Amino acid sequence: MKKIQPYLFSILTVFLLLSAIINSNNTYAQSTRGTVRGKVVSAKNEPAGNVTIGLEGTNYGSITNDNGEFSFRAPAGSYKIIISYVGVQRIEVPVTITAGQITEVPQITVNASLSQLSEVNVIASHSNRFTSQVSNDAAKIPLSPLENSQSYTTVTSGLLKEQQLFSVDDALRNVPGIQKMWDATGRAGDGGSYFTLRGFTTQATIRNGIAGLVTSGIDAVNVDKIEVIKGPSATLFGSTLTSFGGLINRVTKKPYQTFGLEIGHTVGNYDLNRTSIDLNTPLGSNVAFRLNSAYNYEGSFQNYGKSRTFAAAPSLAIKANDKLSFLLEAEMFYGRNSAKPFFFFYDSPKTMGITDVSQLNINYKNAYSNDNITSYSRSLNYFAEAKYKFSDKFTSQTVFSSSNSFSNGASPYYYLITDATAIAIAPGTVDLPGNNNYIYRNDQSTANSKLNAIEIQENINGDFNIGTMRNRFVFGLDFQRQNSHQIFFGNAYGIAPINDPNFDYGAFNKLVVDKTNAANPVSSANAYPYIYKTNTYSAYASDVINLTDRLIASVGLRVDRFENKGNYSYDGEQTSKPYSQTAFSPKFGLIYQPVKDALSLFANYQNGFQNPAPFLNANSETVTPKIQNANQIEGGVKLALFNGKLNGTLSYYRINLTNVLRPIPGSAIGSIQDGTQSSKGFEAEIIASPISALNIIAGFSYNDSKYTKADADVQGLRPNTAGSPYLANFYVSYRLPQTAVKGLGVGFGGNYASKNKIINSVSQGTFSLPSYTLFNSSVFLDRSKYRFGLSVNNLTNKHYYTGYTTINPQRLRQFVLSATYKL
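One structure accompanies this document, and this report is about it. For clarity, every value in this text was computed on a predicted model and none was experimentally measured.

1. Comments concerning the packing of aromatic side chains
- Counted according to the given criterion, the structure contains 37 aromatic pairs.
- Measuring from ring centre to ring centre gives 5.2 Å for Trp 182 and Phe 342, while their planes differ by 85°; the resulting arrangement is edge-to-face. Taken together, the residues span a long stretch of sequence, with Trp 182 in strand β11 (residues 178-182) and Phe 342 in the loop between β22 (324-338) and β23 (343-345) at a distance of 160 residues.
- On the numbers, 4.9 Å between centres and 65° between planes, the contact of Phe 345 with Phe 767 is edge-to-face.

Below, the structure written as structure tokens:
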């Protein structure tokens, strides 16, 4: 980290000097500007709030308030306010701004409902196509990035379409500081993909700011944007759905009041075949329905492997009157998939005498089992939202969420072993020259596993002044219940050579698994149950206060009451007693804008906490755990310079975690909960549009994680869940100017990850997955009625691996061709 700090300070110095130079010219700029003022209404003459509005070709503008009114300052001159969106008639409003005067714009009427207006794109904001103006979920208060003291990254639906990305997993390659560690397994409860963020594992469990658990790969057919909110975030989002590194929030598409239809079909190598639909239609003057759905089939780059998934997301928007509206939504994900190969260590890397993958003889294109061994997964999520407007200053949001996951079926995995271990397991095994010539085949099945969760949340939002200070405030109540009946069990399937062209790996098939499971059915002897019920009651409040027009402070607090109703064995015997815990989670933030709405200096204190499971002490007694706490201090710079053409975030953070569980020295099974862990690092993100046809995304992150109080085996070492210390991403997109072939564009990007220590201890040794650099490219033609795209992922056909404690081969080069018809 010492090597990074001089560069960090140099970068911060440059930006501070830049802000001083810009600020020195601020007086002159103010004297040459005028004010634009007006109002936007819907087709029914209803005030259109929270609509971004501005001047064509610039980033001057603002967001309409609840009365549909807007007001902002801009340099003197002649401009056009333009509103353009698929299904909405294009509107152009000429405006001439006079220095030192107020220009009143005639009322702007958009031929759309209030629900559709949330999706309207204003041309003024298109100077940078891959930025998002406002987040309603990141702070549970509508804020622009420069007003939020917490770091977060947004991946827009426009970027997903341009890169032809169809899953949340793939979309996250555009986010600095996050790395996929495990592919989705589909098993109920925790079957979604695992990522590492700021040194801690996390999953995509939040949808529109509340619980939306999907225990498989998440199809992006219903995604409007993805927000990766960084650092501990329990104050607003609780402990059940977040990690100490942050959270992943999916913002979904909403119904609007005009007809729209998009039908797409995609093909590619590895038998990729995908069909999707986005249908929206009004059902009367105050009701709109939308359906997003996709069927996806894909084979594998390996000799066996297949995935068949179906996603459907219907939604219904109802406006009861001017004050009350409802939104009803569902998400249904179904999948039947064969397992991707996971290699675990049965013998330690130290025993095997290896330190990296190159010393193993894994066949990259071998799945090691037949793809007729499959597992079925299902995730059904239901949502209901009621919004009520008390006044222009206060609103209410009541939300209900129900998440239901289910899985059943087999999931093979493999142990890496020495030849001596292979002979001990199967005495007839031939001792081949060298070592590490075999794998030990196993399976972890789920037996009708279920995890059901509900969440009920009430938010009261206010936007009001106390004296001269503006307050944007949220008070919330939250209830979450989890009911888990997850049953795992497994059987062993013998030894196999790790790489023998004459061996029939496909003989490890469904018939063998079914016969073995019939002979050794799930029972208390071989089951690994997660049977429990928990309730969480919470209250929280947060206030963002404009102390001046340039200085913004924020403060928040959560009180959380957690109740564990006890854990149970497969036979229904209680294995741990019920217990309750109360936690407090504060947060603070401060922002100063040397250049208003263009440059923010920010700092925050964030807290996260978790309620660990009971554990055994040195006397084999079950112990009620203490609450784990993570406290983060972060500071940095946020940019929206040159009329929004240069956006970005530079930040340095430090997270300290307490009450980490660790083994008791000298005890075979006992643990003690007094460990500590630190994670610190630097992140940089730039989203730029130097010219109107060119867009650039670039990101870099460095993370230094270590156990600061632990047993001697891992003291001072990097956790095997922290991922690669160095990560980088970039994407460059160019669309030909309007005078050339309209809508034709090209894109090129890539990702870098440094070595990843997946085993890292004194006793087991250190084993690293190699660093890798991936490149992706695309070409597309996007017109008002159709879209064609061709992309190539992993352009150089790179062999690379992900994992934590495991080795997981990743997909080779893939060509993807898609066509979309838009009506």
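2. Observations concerning the pairing of strand β26 (residues 412-417)
- In terms of residue burial, β26 counts as a mostly covered element, since 5 of its 6 residues are buried.
- Bridge count between β26 and strand β27 (residues 438-466): 6 bridges; the pairing is antiparallel. Looking across to β27, one finds that Leu 416 is bridged to Ile 439.

3. Considering a nonpolar patch on the surface
- On the surface, Val 267, Val 746, Val 779, Leu 790, Phe 815 and Leu 817 cluster together to form a nonpolar patch covering roughly 460 Å² of accessible area.
- Take Val 267: its relative accessible area is 32%, and that puts it in the partly exposed class.

4. Remarks on empty space enclosed by the protein
- For the structure on display, the rule yields 8 cavities of 30 Å³ or more.
- Of the volumes computed, that of the largest cavity is approximately 140 Å³.
- In this structure, the largest cavity is lined by 22 residues; those nearest its centre are Ala 139, Asn 148, Ser 149, Ser 554 and Lys 587.
- Taken together, the elements giving at least two residues each to the lining of the largest cavity come down to α6 (234-237), β29 (527-546), β30 (551-568) and β32 (579-595).
- With 4 residues, β32 is the largest single contributor of residues to the lining of the largest cavity.

5. Things to note about the sheet that holds strand β13 (residues 200-202)
- Spatially, the 3 strands line up as an open sheet ordered β11-β12-β13, and their pairing is antiparallel. One side of each edge strand has no neighbouring strand; the edge strands of this open sheet are β11 and β13. This sheet shows a mean twist of 40° between the axes of neighbouring strands, independent of strand direction.
- Here strand β12 (residues 194-197) runs beside β13; their pairing, made up of 3 bridges, is antiparallel. Following the sheet pairing, Thr 196 is matched in β13 by Thr 201.

Cut-offs applied
- Residues numbered from 1 in each chain as written.
- Predicted model: local features only at pLDDT ≥ 70, side-chain atom pairs only at ≥ 80, totals over all residues.
- Heavy atoms only, no water.
- Phe/Tyr/Trp six-rings, centres within 6.5 Å; stacked < 30°, edge-to-face > 60°.
- Helix = DSSP H or I, 4+ residues; strand = E, 2+ residues; numbered from the N terminus.
- Buried < 20%, exposed > 50% of the residue type's maximum accessible area, 1.4 Å probe, protein only.
- Pairing = 2+ DSSP bridges.
- Patch = residues over 30% accessible without salt bridge, like charges linked within 9 Å, V, L, I, M, F, W, Y side chains within 5 Å.
- Areas by Shrake-Rupley, 256 points an atom, 1.4 Å probe, with all protein chains shown as cover.
- Salt bridge = Lys/Arg side-chain N within 4 Å of Asp/Glu carboxyl O.
- 1 Å grid on protein atoms, 1.4 Å probe; cavity = no way out; pocket = protein on both sides within 12 Å on 5 of 7 lines; lining within 4 Å.
- Points joined across faces, edges and corners; volume = space filled by probe spheres on them.
- Axes fitted to C-alpha atoms, helices over the stretch in contact; angles between N-to-C directions.

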